[in-house]
Amino acid sequence: MSPPSARPRLWIKSRAYSGIPALVQGALHAYSNKMHRRHVLIAGPTASGKSALAIRLAQAIDGVVINADSQQVYRAWRVLTARPTDDEMSLARHRLFGHVDLEQDYSTGHWLDEVRREIEACNTNGEAAIIAGGTGLYFKALTEGLAEIPRTDPATRDRGEAALERLGLDVFRQELAMRDPETCRRIDIRNPRRVLRAWEVLETTGHGIAHWQDRTPPPVLPLEECRAIALVPPRDWLYARCEARFDQMILKGALSEVRQVLSLDLASTAPGLRAVGAPDLIAHERGETSLKDAVHNAKTETRRYAKRQLTWIRNQMQAWEKLDPSDSDAVEALCESFEASRAANP
C-alpha cells in the first residue's frame, strides 16, 4: 500500500474507516489530524502586517485567506478598514471580506457559522485556511467554542434599558446578582452593557449567561489542530504605523467613502458606523469638526484600539506562538519554514 502522502488529499474524507484494521485506522486518524493542523491562525493588532503575512503564507502553502476582522466584513468600508486591495486579493483567494451591509447585525455567531463553512470547504478541497484578523473574540469562539445563547427581543432590551436608567448601575447590578450570582462572577460588572446583556438573557430564557456558557458546544477548530500565530510588535513601531496608515487612508479616499455612506441616510445606530475612524470623519463631513481635529481624534482612537488588541493577546492568547512583525528576519524565517514544509509535503 502506498504511503498516505502519495494518496489524493480527499482519500481520508471520502472513505469510511469500517473494515480497516485498527493499526491502519490509527495511522489514518493521525494523518487526518495532520491535515487539520495545516490550518493557520494569524491574530494581531491593527496595522501590524497581518494581511501581508497571510497572503505570503497562502502563496507558500496554497492556502485561502479568511477574514477574522469584525470591521473588514463591511462592504462600504474598504479604505477606512484597510481591507485588502484588488491587487492584493489577486495574489491569493480571499473569503469573508466586504460582504456585509453597514446596517446588518453581524455577530460573532454569524461569523462563526460562515467561517465553519469556509473551513469545511478547505478540508474538502485539501486546502489550508489562513484565518487572519484582529478580532480576538472571533478567535476565542473559533478555538474554544461559542455559547449558543438564544436571541433577546427588542422589547425586553427596552425594558432593561429603562430599568437601568431608573435604578442606576449599582442598584441594577445588585438586583441581578441576587438572581444570577454565577453570571455576575464571570462578567465585567462595571460595564453597563455587559450587565444589561446578562439581565436580558435571564429575563428572556429563565437562565443566566453562565448556564449557557457551561453548555458551550465543541470548538470548530481547536487550537491544537492548527498553527496559531499572534503578532506582538513594539508599541512605538505599531503606533507609528497606525498614524502613517491613517494618513494614507485620507489620501486614498476615506473621506469619499464617508460621503457615500452618509448618502445612504442610515440610522446612527447602524453597527457598521462604529468602525474605528468612522465617527470622527463623519463628524467632519457634517461640519461638526475640522479635518485636522477629526484625523487627530481618529488616530488617537486607532492607537487605543491597537492597545486593547495587544492586551487581549497578552491575556487571552498565552498559548499562541508569538511573532514580532518588526523583526524582518523572524518574519522571513517563518515564511521560509512554511515554504519548506510545502516543498517536503507537496
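Since we're looking at a predicted model, the values are computed, not measured.

All right, on to the overall build of the chain then. A count of helical and extended segments in the chain gives 16 helices and six strands. In the chain, which comprises 346 residues, the proportion classed as buried is 43%. For the chain, contacts bridging at least 24 residues in sequence account for 76% of all contacts bridging at least 6. Here the chain displays about 18100 Å² of accessible surface, and carbon together with sulfur accounts for 50% of that area.

Think of a ball as big as a water molecule: rolled over the atoms, this probe shows where empty space is left. The space that makes up the second largest pocket amounts to roughly 770 Å³. Together, 35 residues line the second largest pocket, and T81, A82, R83, R245 and M249 are the ones closest to its centre. Where the lining of the second largest pocket is concerned, the elements lending two or more residues are α3 (50-61), β2 (63-67), β4 (128-133), α12 (235-251) and α15 (291-316). Per-class residue counts for the lining of the second largest pocket are 13 nonpolar, 14 polar and eight charged.

Quick look at the packing of helix α14 (residues 278-285) against α15 now. Relative to each other, α14 and α15 sit at 170 degrees, their axes nearing to 8 Å. In terms of orientation, α14 lies roughly antiparallel with respect to α15. Residues D280, L281 and H284 of α14 touch α15, and the partners they reach there are L291, A294, N297 and A298. By residue class, the composition of the contact of α14 with α15 is four nonpolar, two polar and one charged.

Okay, the pairing of strand β1 (residues 40-43) next. Neither face of β1 is left uncovered, since the one carrying V40 and I42 and the one carrying L41 and A43 both have all their residues buried. In terms of strand pairing, β1 meets β4 through four bridges, oriented parallel. If you follow A43 over to β4, its bridge partner there is G133. Note that β1 and strand β5 (residues 227-231) share four bridges and pair parallel. Bridged to L41 within β5 is A228.

Turning our attention to the confidence of the model for the chain. Per-residue confidence for the chain gives a mean pLDDT of 89, with 89% of residues at or over 70. Confidence over residues 1-37 falls short of pLDDT 50; this stretch has 35 contacts with residues more than four positions distant or in other chains.

Further remarks concern unusual backbone geometry. Positive phi, normally seen in glycine, also occurs at L96, with a value near 65 degrees. Following the sequence through the fold, L96 ends up in the loop between β3 (93-95) and α5 (108-125). Look at L96 and you get buried, because its relative accessible area is 11%. Phi is positive for D265, close to 55 degrees, though the residue is something other than glycine.

Another aspect to go through is the sheet that holds strand β6 (residues 321-323). One open sheet accounts for six strands, arranged β3-β2-β4-β1-β5-β6; its pairing is parallel. Only two strands of the sheet have a single partner each, and these edge strands are β3 and β6. Sheet twist, expressed as the mean angle between neighbouring strand axes with direction ignored, is 25 degrees.

Formed by 46 residues in total, the largest nonpolar core has its most connected members in L41, W77, W111, V115, I131 and L142. Non-local contacts of L142, meaning those with residues more than four positions away in its chain, are made with L41, W111, L112, V115, I119, I131, P219, V220 and L221. V40, I42, I61 and I130 belong to the second largest nonpolar core, which has 21 residues in total.

This part takes up the pattern of salt bridges. This model, assessed by the stated rule, comprises 24 salt bridges. R93 serves as the salt-bridge partner of D62, at 2.7 Å between the closest nitrogen and oxygen. With D62 in the loop between α3 and β2 and R93 in strand β3, this residue pair connects regions lying 31 residues apart in the sequence. With relative accessibility at 30%, the residue R93 sits in the partly exposed group. Close ionic contact of R186 with E182 constitutes a salt bridge, the shortest N to O distance being 3.0 Å. Here E182 and R186 lie together in helix α9 (residues 181-186), a separation of four residues that amounts to about one turn.

Here the focus is the packing of α12 against α15. Their axes nearest at 10 Å, the elements α12 and α15 cross at an angle of 140 degrees. Between α12 and α15, the angle falls in the class oblique. For the pair α12 and α15, the crossing hand works out as right-handed. Contacts between α12 and α15 pair R235, L238, Y239, C242, E243, F246, D247 and I250 from the former with V295, A298, K299, T302, R303, A306, K307, L310, T311 and R314 from the latter. Taken together, the residues of the contact of α12 with α15 break down into nine nonpolar, two polar and seven charged.

The next point concerns α14. All buried positions along α14 are accounted for by A278, D280, L281, I282 and A283. Among the structural elements, α12, α13 (254-262) and α15 are those in contact with the buried residues of α14. Where α14 ends, the next residue or the one after it, G287, has phi of about 80 degrees, a positive value.

Each value, and the rule that gives it
Residues numbered from 1 in each chain as written. Predicted model: local features only at pLDDT ≥ 70, side-chain atom pairs only at ≥ 80, totals over all residues. Heavy atoms only, no water. Helix = DSSP H or I, 4+ residues; strand = E, 2+ residues; numbered from the N terminus. Buried < 20%, exposed > 50% of the residue type's maximum accessible area, 1.4 Å probe, protein only. Contact = heavy atoms within 4.5 Å. Areas by Shrake-Rupley, 256 points an atom, 1.4 Å probe, with all protein chains shown as cover. 1 Å grid on protein atoms, 1.4 Å probe; cavity = no way out; pocket = protein on both sides within 12 Å on 5 of 7 lines; lining within 4 Å. Points joined across faces, edges and corners; volume = space filled by probe spheres on them. Nonpolar A, V, L, I, M, F, W, Y, C, P; charged D, E, K, R; others polar. Axes fitted to C-alpha atoms, helices over the stretch in contact; angles between N-to-C directions. Parallel < 35°, antiparallel > 145°, perpendicular 65-115°, else oblique. Pairing = 2+ DSSP bridges. pLDDT = per-residue confidence, 0-100. Core = buried A, V, L, I, M, F, W, Y, C linked by side-chain atoms within 4.5 Å. Salt bridge = Lys/Arg side-chain N within 4 Å of Asp/Glu carboxyl O. Left-handed = near helix turned anticlockwise from the far one by under 90°.

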